[in-house]
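# Geometric and topological summary
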Amino acid sequence: MKLKFLVAICVCSLFLYSCEEHKVDPVKQLKSDVEYLASDSLEGRESGTEGERLAAAFIANRMKEIGLTEKGEEGFMQTFDFSPKANPHEETADTSKTIRISNVLGMIDNGATKTVVIGAHYDHLGHGISGSLYAEKDGAIHNGADDNASGVALLLALADELKNSEAAKESNYLFMAFSGEEMGLLGSNYYCKNPTINLEEVHYMLNFDMVGRLDTSKGLAINGVGTNPNWTTELEKANWDNLPFVYGESGTGPSDHTSFYLQDIPILHFFTGQHEDYHKPTDDVGKINYNGIHTLKKLIARLMEQLDAQEQLEFVKTKDESEDNPRFTVTLGVMPDYLFQGKGMRIDGVTNGRPANKAGFLKGDIVIQMDTVMVDGMQAYMKGLSLFEKGDSTLVKVQRGEKVIEEMVRF
């Protein structure tokens, strides 16, 4: 009897030792995720390439390991085709070329009536597509460790935290890894037009884009605080580490939260700052602050727990700060629809008080002419804007259904 008892004790001890031995340190897991996504074997994760597909498969497998429910259209995947015609960086469009890209979606379904969306894009610039700031142009791999392997790693870490937590059970959580961000928010734009949940039940959306370089002396940028009246109060309450916050009011910007803001959803975009390695091959794993990402995970988990029991958050429209574009000095005050494949530039959002709004243009209108410039796509639209200065007026034509509407616009 005594021998059986000793054997049982030994077996239990070995089991507990084995569990501890295989329990992955959260910071090491963050590092492991970033190192794979930013490895040379994925060749920069350009949308539509084998590297992007490998990254998508890796993320889907990690979501499965964590225990998330498949929430794509085929398992974890939401796959769609895109013609690069809408890429604003290209001089001409090759409409014969089509790329296939995938969003990766996993969910914690608590049976709640509201859902929180947590997003991060996983694509990058491959060997240096349009948008690269690398002067040599020698085809070097742009690994994108900060942009945005860091955001995906934070997303996965937060999923693991919430899956194993007894707190924050009054909301569902949809984790979304987007592709096509570098080509114009393609993945998030597509999802908002083809959602796998009811977007009216979305509580709020959090976006992680470039969160791998936390420097507590410089602070953490949090954009979108103007989209809900209580964002700053809730963020300060969750800031146990006394991080310096640098707030941005606007709900729009060059990242995937914009697509959800245009659906009247409160958003926050977390960003640890610009750096000299941005869109260059030098954005690599050795420069990532993994403990910093872990700190952000704890901050965001506290914020989400605070918001869990609250009713649907109020949405507030904000000034569109992203319109301050150095390429031209005037703007219509609209958000373009980068997925639109037809002739013209379709409006995906109109900013209050700006020229398009004053002219009566609406979301869904298609800009087809500015003065004498025939607008057949984004490039023509931007070239058209570059012809005007503040105070100028011009005739703008938009297609609205079967009608062509003409209005004078004053910049």
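Residues numbered from 1 in each chain as written. Predicted model: local features only at pLDDT ≥ 70, side-chain atom pairs only at ≥ 80, totals over all residues. Heavy atoms only, no water.

### A short note on the overall build of the chain
Where we set the bar: Where helices and strands are cited, they refer to DSSP runs of H or I of at least four residues and of E of at least two residues respectively, numbered from the N terminus. For this analysis, residues touch if any pair of their heavy atoms sits within 4.5 Å. Note on areas: Shrake-Rupley, 1.4 Å probe, and residue coverage restricted to the protein chains presented here.
Within the chain, the regular secondary structure consists of 10 helices and 15 strands. In the chain, the proportion of contacts linking residues at least 24 apart, taken out of those at least 6 apart, comes to 75%. Carbon together with sulfur atoms contributes 50% to the accessible area of the chain, which is approximately 18800 Å² in total.

### Things to note about helix α2 (residues 26–37)
Just so we agree on the cut-off: To estimate how far a helix should reach, multiply one less than its number of residues by 1.5 Å. For each residue, the accessible area found with a 1.4 Å probe, counting protein chains only, is set against the maximum for its type, and the residue is called buried under 20%, exposed over 50%, and partly exposed in between. Arc definition: directions from the helix axis to the C-beta atoms. Contacts described as polar in this section are N or O atom pairs within 3.5 Å, which, within protein, must combine one atom able to donate a hydrogen with one able to accept it, while residues neighboring in sequence count only if both atoms come from side chains.
For α2, spanning 12 residues, the distance from its first C-alpha to its last is 17 Å, which sits close to the expected 16 Å at 1.5 Å a residue. Here α2 has its buried residues at Val-27, Leu-30, Asp-33, Val-34 and Leu-37. Buried residues of α2, seen end-on, are gathered within an arc of 125° and therefore sit on one face of the element. Considering only its buried residues, α2 is in contact with α3 (50–66), α4 (145–163) and α8 (290–308). One side-chain oxygen of the residue at the start of α2 lies 3.0 Å from the amide nitrogen of Val-27, identifying that residue as Asp-25.

### Digging into the packing of α3 against α4
Between two packed helices, what matters for the description is the angle formed by their axes and the separation of those axes. We count it as follows: Each axis is a line fitted through C-alpha atoms, taken for helices only over the stretch in contact, and angles between the N-to-C directions span 0 to 180 degrees. To sort the angles, those under 35 degrees are grouped as roughly parallel, those over 145 as roughly antiparallel, those from 65 to 115 as roughly perpendicular, and the leftovers as oblique. By definition, turning the near helix anticlockwise from the far helix through less than a right angle yields a left-handed crossing, and turning it clockwise yields a right-handed one. Ten residues, namely Ala, Val, Leu, Ile, Met, Phe, Trp, Tyr, Cys and Pro, are considered nonpolar, four, namely Asp, Glu, Lys and Arg, are considered charged, and the remaining ones, Gly among them, are considered polar.
Interhelical geometry of α3 versus α4 gives an angle of 15° and a closest axis separation of 10 Å. By the angle between their axes, α3 is roughly parallel relative to α4. By crossing handedness, the relation of α3 to α4 is classed as right-handed. For the pair α3 and α4, contact is made by Ile-59, Arg-62, Met-63 and Ile-66 and by Val-152, Leu-155, Leu-156, Ala-159, Asp-160 and Lys-163, respectively. Here the contact of α3 with α4 is built from residues that sort into 7 nonpolar, no polar and 3 charged.

### Points about the packing of α2 against α4
Two elements in contact, α2 and α4, have axes separated by 9 Å at closest approach and are oriented at 140°. Taken as axis vectors, α2 and α4 run oblique relative to one another. When you trace α2 past α4, the crossing you get is right-handed. Here Leu-30, Asp-33, Val-34 and Leu-37 of α2 lie close against α4, whose contacting residues are Ala-145, Ala-149, Ser-150, Val-152, Ala-153, Leu-154, Leu-156 and Ala-157. Partitioning the contact of α2 with α4 into residue classes produces 10 nonpolar, 1 polar and 1 charged.

### Things to note about the confidence of the model for the chain
What counts, and what does not: What pLDDT conveys is the predictor's confidence in a given residue, as a value from 0 to 100.
Considering every residue of the chain, the mean pLDDT works out to 89; 89% of them sit at 70 or more. Low pLDDT (under 50) marks residues 1–22, which in the prediction has 0 contacts with non-local residues, meaning those over four places away or in another chain. For residues 86–93, every residue scores under 50 in pLDDT, and the model assigns this stretch 19 contacts once sequence neighbours within four places are set aside.

### Brief notes about the side chain of Ser-250
When you line up the elements, Ser-250 lands in the loop between β8 (245–248) and α7 (257–261). Among the polar contacts listed, one links the side chain of Ser-250 to the backbone oxygen of Lys-319, at a separation of 2.9 Å.

### Quick word on the pattern of salt bridges
Here is the rule we go by: For salt bridges, the criterion is a side-chain nitrogen of Lys or Arg within 4 Å of an Asp or Glu carboxyl oxygen.
On inspection of all chains with the given rule, the structure shows 13 salt bridges. Of the charged contacts in the structure, one is a salt bridge between Arg-53 and Glu-50, with a shortest N-O distance of 3.3 Å. Residue Arg-53 and its partner Glu-50 are located together in helix α3, separated by 3 residues, close to a single helical turn. For Glu-50, a relative accessible area of 46% corresponds to the partly exposed category. For Arg-302, the salt bridge identified is with Asp-241, shortest N-O distance 3.4 Å. Taken together, the residues span a long stretch of sequence, with Arg-302 in helix α8 and Asp-241 in the loop between α6 (231–238) and β8 at a distance of 61 residues. Through salt bridges with shared partners, one network takes in Asp-33, Arg-62 and Glu-65.

### Concerning the nonpolar core
As a reminder, the rule being used: Here, the term nonpolar core denotes a set of buried Ala, Val, Leu, Ile, Met, Phe, Trp, Tyr and Cys residues that are joined through side-chain atoms within 4.5 Å.
Grouped together as the largest cluster of nonpolar side chains are 62 residues, with contacts concentrated most on Ile-59, Phe-175, Phe-208, Phe-270 and Met-304. The element that contributes the greatest number of residues to this core is α4, accounting for 11 residues. Setting aside residues no more than four positions away along its own chain, Phe-175 makes contact with Met-63, Leu-68, Val-104, Leu-105, Gly-106, Ile-108, Ile-118, Leu-155, Leu-158, Ala-159 and Leu-162. Formed by 23 residues, the second largest nonpolar core is a distinct cluster that contains Val-330, Val-375, Val-396 and Phe-411.

### Looking at unusual backbone geometry
For the bond running from Asp-147 to Asn-148, omega is 5°, close enough to zero to count as cis. For Asn-148, the position within the fold is in helix α4. Even without glycine at this site, Leu-185 takes up a positive phi of about 55°. Topologically, Leu-185 is positioned in the loop between β5 (172–178) and α5 (186–193). Overall, the relative accessible area of 9% leaves Leu-185 in the buried class.

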